[in-house]
Amino acid sequence: MTYHNLLFTLAVLFALWAVMAKKLLTSAIMLALVSVTVSLIFFNLGAPWAGVFELSVCAGLITVLFIGAVSLIRSTEEKHPESRAPFYALPLAAAIFAIAGWFYLPAFFDELASWRRLADGSGTIGTALWDLRRPDLLGQVLMLAAGVFVIKSVFPRRTEK
Amino acid sequence: MSIFAMDWYLIALLMFIGFYCMLASRSIVRQLIGLEIVSKAAMLTVISAGALTANLVMAQALLITMIVIEVVVVAAGLALLVKAFRVNGNADIWKLDGLKG
């Protein structure tokens, strides 16, 4: 219980740090830490497959993509940094949201949780992924193909005229 | 207050931070970072709801699909960022007005 809440609090703190960091590289690394914390929450909630995917893809691949993109644009970003004023106001805004939400949101979420219908909880992730949700896999393959196509069309090979 | 209500309260806070980042920033990289934080909050909601209804198997299958889509969206966004940076010389969303009539 305490560990669980600590992980959620850490995720919020890392997200705050990621948004408020002055350097984009720090932001990317803090985003990776948010991903690591989220994957630990998944393991804690009993979802190891989701945790493994989150850890390998979101904390690994996406961080590499972010760091690659940031290293390409870093010199210009450092020469012309954007205004920091809205980011300094973020802790205040988050605190106002947290205090105002404390009076309404938990009661609403309790009401929401009371509407639940329990599933039987049987089956394995293999059954769900390969038998029950097979069309999803087709969608995932098509999605990855769409991603490759976007990269291919954004960076076309230059042909000499 | 149940443990799920507390979780979702903190998830709401996480989502607020992501939306604030997307609203306040003009840099494309920070827009994508805000999008990532919001999608992390959405993923946590899916798995938390799966744990609440004892249906984690389906929730994980859905989440794997979400992760694949997220990766493609971020890769496409970063590719567009690099292209826009090469064309405009900066990564400011307010300068992305090449198609303005």
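Because the structure is predicted, anything quoted here is derived from the model rather than measured.

**Student:** Would you take a moment to explain the domain arrangement of chain A for this structure?
**Tutor:** Interfaces are frequently sized by the accessible area removed from exposure as the parts join. The assigned domain composition of chain A is domain 1 (1-79) and domain 2 (126-155). Computed over C-alpha atoms, the centres of domain 1 of chain A and domain 2 of chain A are 24 Å apart.

**Student:** Sorry, what's going on with the interface of chain B and chain A here?
**Tutor:** Between chain B and chain A, the residue contacts involve 64 residues of the former and 73 residues of the latter. For the side of chain B that touches chain A, the secondary structure elements donating two or more residues are α1 (3-24), α2 (28-52) and α3 (56-88) of chain B. Per element, the largest residue contribution to the side of chain B that touches chain A is 24 residues, and it comes from α3(B). Tallied by class, residues from the side of chain B that touches chain A come to 47 nonpolar, 11 polar and 6 charged.

**Student:** Would you take a moment to explain the packing of helix α1 (residues 2-20) of chain A against helix α2 (residues 24-45) of chain A for this structure?
**Tutor:** Residue and element names in this part refer to chain A. Here α1 crosses α2 at 165°, and the two axes come no closer than 8 Å. Here α1 lies roughly antiparallel to α2, going by the angle between them. Where α1 crosses over α2, the two elements pack in a sense that is left-handed. Counting all contacts with α1, which are made through Y3, H4, L7, F8, L10, A11, F14, A15, W17 and A18, the residues of α2 involved are S27, M30, L31, L33, V34, T37, V38, L40, I41 and N44. Looking at the contact of α1 with α2, its residues break down into 16 nonpolar, 4 polar and no charged.

**Student:** Sorry, what's going on with helix α5 (residues 90-113) of chain A here?
**Tutor:** An α-helical turn contains 3.6 residues, so any two residues separated by three or four positions project in the same direction. The end-to-end C-alpha separation of α5(A) is 30 Å, well short of the 34 Å expected for 24 residues at 1.5 Å each. Along its length, α5(A) shows its largest kink, about 55°, at W102(A), and proline P106(A) lies within four residues downstream of that point.

**Student:** Is there a simple way to explain the nonpolar core in this structure?
**Tutor:** Side chains of a nonpolar character, in soluble globular proteins, are inclined to be buried together. Membership of the largest hydrophobic core comes to 65 residues, with the highest contact counts inside it found for A15(A), L14(B) and I17(B). Residue contributions to this core peak at 13 residues, all from α3(B). Each residue touching A15(A), except ones within four places of it in the same chain, is listed here: V34(A), L14(B), I17(B) and I37(B).

**Student:** Help me understand α3(B) in this model?
**Tutor:** For α3(B), with 33 residues, the first-to-last C-alpha span of 46 Å sits near the 48 Å given by 1.5 Å per residue. Looking at the residues trailing α3(B), positive phi occurs at G89(B), about 85°.

**Student:** Sorry, what's going on with the packing of α1(A) against α1(B) here?
**Tutor:** When two helices pack together, you describe them by how their axes are tilted relative to each other and by the distance separating the axes. For the pair α1(A) and α1(B), the least separation of the axes is 10 Å and the interaxial angle reads 5°. Classified by the interaxial angle, the pair formed by α1(A) and α1(B) is roughly parallel. Residues N5(A), F8(A), T9(A), A11(A), V12(A), A15(A), L16(A) and V19(A) of α1(A) form the contact with α1(B), whose own contacting residues are M6(B), D7(B), L10(B), L13(B), L14(B), I17(B) and C21(B). Considering only residue class, the contact of α1(A) with α1(B) consists of 12 nonpolar, 2 polar and 1 charged.

Definitions and limits used
Residues numbered from 1 in each chain as written. Chains lettered and ligands numbered in written order. Predicted model: local features only at pLDDT ≥ 70, side-chain atom pairs only at ≥ 80, totals over all residues. Domains from an automatic or database assignment. Contact = placed C-beta atoms within 7 Å. Helix = DSSP H or I, 4+ residues; strand = E, 2+ residues; numbered from the N terminus. Nonpolar A, V, L, I, M, F, W, Y, C, P; charged D, E, K, R; others polar. Axes fitted to C-alpha atoms, helices over the stretch in contact; angles between N-to-C directions. Parallel < 35°, antiparallel > 145°, perpendicular 65-115°, else oblique. Left-handed = near helix turned anticlockwise from the far one by under 90°. Expected span 1.5 Å × (residues − 1). Bend = angle between axes of the 7 residues up to and from the residue. Core = buried A, V, L, I, M, F, W, Y, C linked by C-beta atoms within 7 Å. Buried ≥ 20, exposed ≤ 12 C-beta atoms within 10 Å, placed from the backbone.

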